[in-house]
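Now for the letters of each chain:
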Amino acid sequence: MLRIGMGYDVHKLVEERKLILGGVEIPHDKGLLGHSDADVVVHAIMDALLGAMAEGDIGKHFPDTDSKYKNISSIKLLEYVRDLLKEKRAVINNIDATIIAQKPKMAPYIHLMRENIAYALHVQVMQVNIKATTEEGLGFTGEKLGISSQAIALIEL
């Protein structure tokens, strides 16, 4: 049976935090505020995969009230989702994600993000697509107050 899941995440940009997207540290004067490394791309992908499995969301699996997730790499959390997929005998068909950010430019980092996510999920890079867009200066992302990401995943159960 084919199942589709959709994910969305957003975090505020703040000073004195690293900017981590798709498991890649991107040079920028601000980073994303969050309990973990606040990697919105990986968070959206995890929510899409969890949704496709009808397994809730990342808040259910990795609550921000649990100190063991403080500053954890979201790639590590993605590996937990991979293991849950395996446990349910689910197979990833493909993942498509969009990063919404005014700055910085994402193009130089997209391929490495795809490789990191594919490696963590034990899938081929061609099964993971990531793209980026701006909001032409509109809204909180356009005003450089935060970064968001949307993802969709198709799995077979």
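Residues numbered from 1 in each chain as written. Predicted model: local features only at pLDDT ≥ 70, side-chain atom pairs only at ≥ 80, totals over all residues. Heavy atoms only, no water.

> Please clarify how the overall build of the protein should be interpreted in this entry.
For the protein, the count of helices and strands is five helices and seven strands. Along the protein, helices and strands appear, N-terminal first, in the series β-β-β-β-α-α-α-β-α-β-α-β. For a compact globule of 157 residues, the expected C-alpha radius of gyration is about 15 Å, and the protein comes in at 15 Å, within 12% of that figure. With the principal axes as the frame, the protein shows a C-alpha extent of 40 × 35 × 25 Å. Summed over all atoms, the accessible surface of the protein reaches about 8,200 Å², with 52% contributed by carbon and sulfur. One way to put it: in the protein the 18 positive side-chain charges average out to a point 2 Å from where the 21 negative ones average out. (Helix = DSSP H or I, 4+ residues; strand = E, 2+ residues; numbered from the N terminus. Rg over C-alpha atoms; globule rule 2.2 N^0.38 Å. Areas by Shrake-Rupley, 256 points an atom, 1.4 Å probe, with all protein chains shown as cover. Lys, Arg positive; Asp, Glu negative; His and termini not counted. Charge placed at Lys NZ, Arg CZ, Asp CG, Glu CD.)

> How should I be thinking about the sheet that holds strand 4 (residues 31–32) in this particular structure?
Strand pairing within a sheet occurs via backbone hydrogen bonds; the two strands may be parallel or antiparallel. Across the sheet, five strands lie side by side as 4-1-7-5-6; this open sheet has mixed pairing. Each edge of the open sheet carries a strand with a single partner, namely strand 4 and strand 6 (128–133). Bridging between strand 5 (residues 91–100) and strand 6 involves six bridges; their strand directions are parallel. Residue pairing across strands places Ile95 opposite Val128, the latter belonging to strand 6. (Pairing = 2+ DSSP bridges.)

> I would appreciate a short explanation of the packing of aromatic side chains in the present structure.
Two descriptors summarise a pair of aromatic rings, namely the distance from one centre to the other and the angle between the planes of the rings. Evaluation of the coordinates by the stated rule reveals two aromatic pairs. Residues Phe62 and Tyr69 carry aromatic rings whose centres are separated by 5.4 Å and whose planes lie at 85° to one another, so their mutual orientation is edge-to-face. Residues Phe62 and Tyr69 agree in their burial class; the two are buried. Ring centres of Phe62 and Tyr80 lie 5.1 Å apart, and the angle between their planes is 75°; on these two criteria the pair is classed as edge-to-face. Pair noted here: Phe62 is in the loop between helix 2 (58–61) and helix 3 (74–87) and Tyr80 is in helix 3, with a separation of 18 residues, a long-range link. Ring-pair connections join several aromatic residues into one group, and the members of that group are Phe62, Tyr69 and Tyr80. (Phe/Tyr/Trp six-rings, centres within 6.5 Å; stacked < 30°, edge-to-face > 60°. Buried < 20%, exposed > 50% of the residue type's maximum accessible area, 1.4 Å probe, protein only.)

> What exactly am I supposed to notice about the pairing of strand 1 (residues 2–14) here?
Remember that side chains alternate between the two faces of the sheet whenever the strand is regular. Where strand 1 lies against strand 7 (residues 146–156), eleven bridges are found, and the strand directions are antiparallel. Considered in strand 7, the bridge of His11 is made with Ile147. When strand 1 meets strand 4, the two strands line up antiparallel, connected through two bridges. The residue bridging Leu13 from the neighbouring strand is Leu32, located in strand 4.

> Explain the environment of Ala38 to me, please; I cannot follow it from the model alone.
Among the structural elements, Ala38 can be located in the loop between strand 4 and helix 1 (40–52). When the C-alpha positions of Ala38 and Val125 are compared, they lie 23 Å apart, and in sequence the two are 87 residues distant. Apart from the residues within four sequence positions on either side, Ala38 is in contact with His11, Arg17, Ile20, Leu32, Leu33, His43 and Ser74. (Contact = heavy atoms within 4.5 Å.)

> Can you help me understand the packing of helix 1 against helix 3 in this one?
Helix-helix packing: each pair is described by the crossing angle between the helix axes and the interaxial distance. The geometry of helix 1 relative to helix 3 is characterised by a closest axis approach of 10 Å and an angle of 15° between their N-to-C directions. The angle between helix 1 and helix 3 falls in the class roughly parallel. Once helix 1 is placed against helix 3, the crossing between them reads as left-handed. For the pair helix 1 and helix 3, contact is made by Val42, His43, Ile45, Met46, Leu49 and Leu50 and by Ser74, Ile75, Leu77, Leu78, Val81, Leu84 and Leu85, respectively. In the contact of helix 1 with helix 3, the residues fall into eleven nonpolar, two polar and no charged. (Axes fitted to C-alpha atoms, helices over the stretch in contact; angles between N-to-C directions. Parallel < 35°, antiparallel > 145°, perpendicular 65-115°, else oblique. Left-handed = near helix turned anticlockwise from the far one by under 90°. Nonpolar A, V, L, I, M, F, W, Y, C, P; charged D, E, K, R; others polar.)

> Would you mind showing me how to read the side chain of Asp47 here?
Tracing the sequence through the fold places Asp47 in helix 1. It turns out Asp47 is buried and unbridged, and the closest side chain with the opposite charge, Lys60, is 11 Å from it. Once you skip the residues sitting within four places of it in the chain, Asp47 turns out to touch Met6, Gly7, Tyr8, Asp57 and Ile58. (Salt bridge = Lys/Arg side-chain N within 4 Å of Asp/Glu carboxyl O.)

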